[in-house]
Amino acid sequence: MKIDANPLFRRVITPWYDSNAACWIVLIFLVAVILFSVAGIVVARSQPDYYPHTWLPATLLALSVSVAGSVAFRLIKRRYDQQVQSREF
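Report on the accompanying structure. The structure displayed is predicted, hence computed values, not measured ones. (Residues numbered from 1 in each chain as written. Predicted model: local features only at pLDDT ≥ 70, side-chain atom pairs only at ≥ 80, totals over all residues. Heavy atoms only, no water.)

**Some remarks on the overall build of the protein chain**
Here is the rule we go by: Starting at the N terminus, helices and strands are each numbered in turn, a helix being any DSSP run of H or I of at least four residues and a strand any DSSP run of E of at least two. Under the scheme applied here, a residue whose accessible area is under 20% of the maximum for its type counts as buried, over 50% as exposed, and between as partly exposed, the area being computed with a 1.4 Å probe on protein chains only. Should any heavy atoms of two residues lie within 4.5 Å, those residues are counted as being in contact. Each accessible area is a Shrake-Rupley estimate made with a 1.4 Å probe; only the visible protein chains count as cover when residues are assessed.
Scanning the protein chain for helices and strands turns up two helices and zero strands. Across the 89 residues of the protein chain, 17% fall into the buried class. Long-range pairs, those at least 24 residues apart, make up 63% of the contacts in the protein chain between residues at least 6 apart in sequence. Within the structure as shown, the protein chain displays about 7,800 Å² of accessible surface, and the carbon and sulfur contribution to it stands at 69%.

And the structure:
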């Protein structure tokens, strides 16, 4: 009898950097970066000399929000997939 190369009972093994704990840690750090960039924007807008430098914290804010959204979407999708799999069995 030939051994099946892809049996159905195997789970997908996610790497450590894509685990739920790692994603939550990344989200916590990204919230800190978001708060830091918002504080940078507030400080840059309060001093007229720093108006030209507002682009740096704004760019940091945009990048961190996009990465946080991506990680949050991944966690939500993973939770939804787990619920769907638990209903099937």
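**Some words on the nonpolar core**
A general tendency of soluble globular proteins is for nonpolar side chains to be buried together. Under the convention used in this document: We call a set of buried residues a nonpolar core when its members are Ala, Val, Leu, Ile, Met, Phe, Trp, Tyr or Cys and they connect through side-chain atoms within 4.5 Å of each other.
In this structure, Cys23, Leu27, Leu30, Ala68, Val71 and Leu75 together form the largest nonpolar core, which totals six residues. Going through the elements one at a time, helix H1 (20-46) and helix H2 (55-88) are the ones with two or more residues in this core. Not counting chain neighbours up to four residues away, the residues in contact with Ala68 comprise Leu27 and Leu30.

**Regarding the side chain of Arg78**
In plain terms, the rule: Under this definition, polar contacts are N or O atom pairs within 3.5 Å; protein pairs additionally need one hydrogen-donor-capable and one acceptor-capable atom, and for neighbouring residues in sequence, both atoms have to be side-chain atoms.
Following the sequence through the fold, Arg78 ends up in helix H2. Side-chain polar atoms of Arg78 contact the side chain of Asn20, separated by 2.7 Å. Apart from residues no more than four positions distant in its own chain, Arg78 is found in contact with Asp18, Ser19, Asn20 and Cys23.

None of the figures reported here should be taken as evidence of function without further support.
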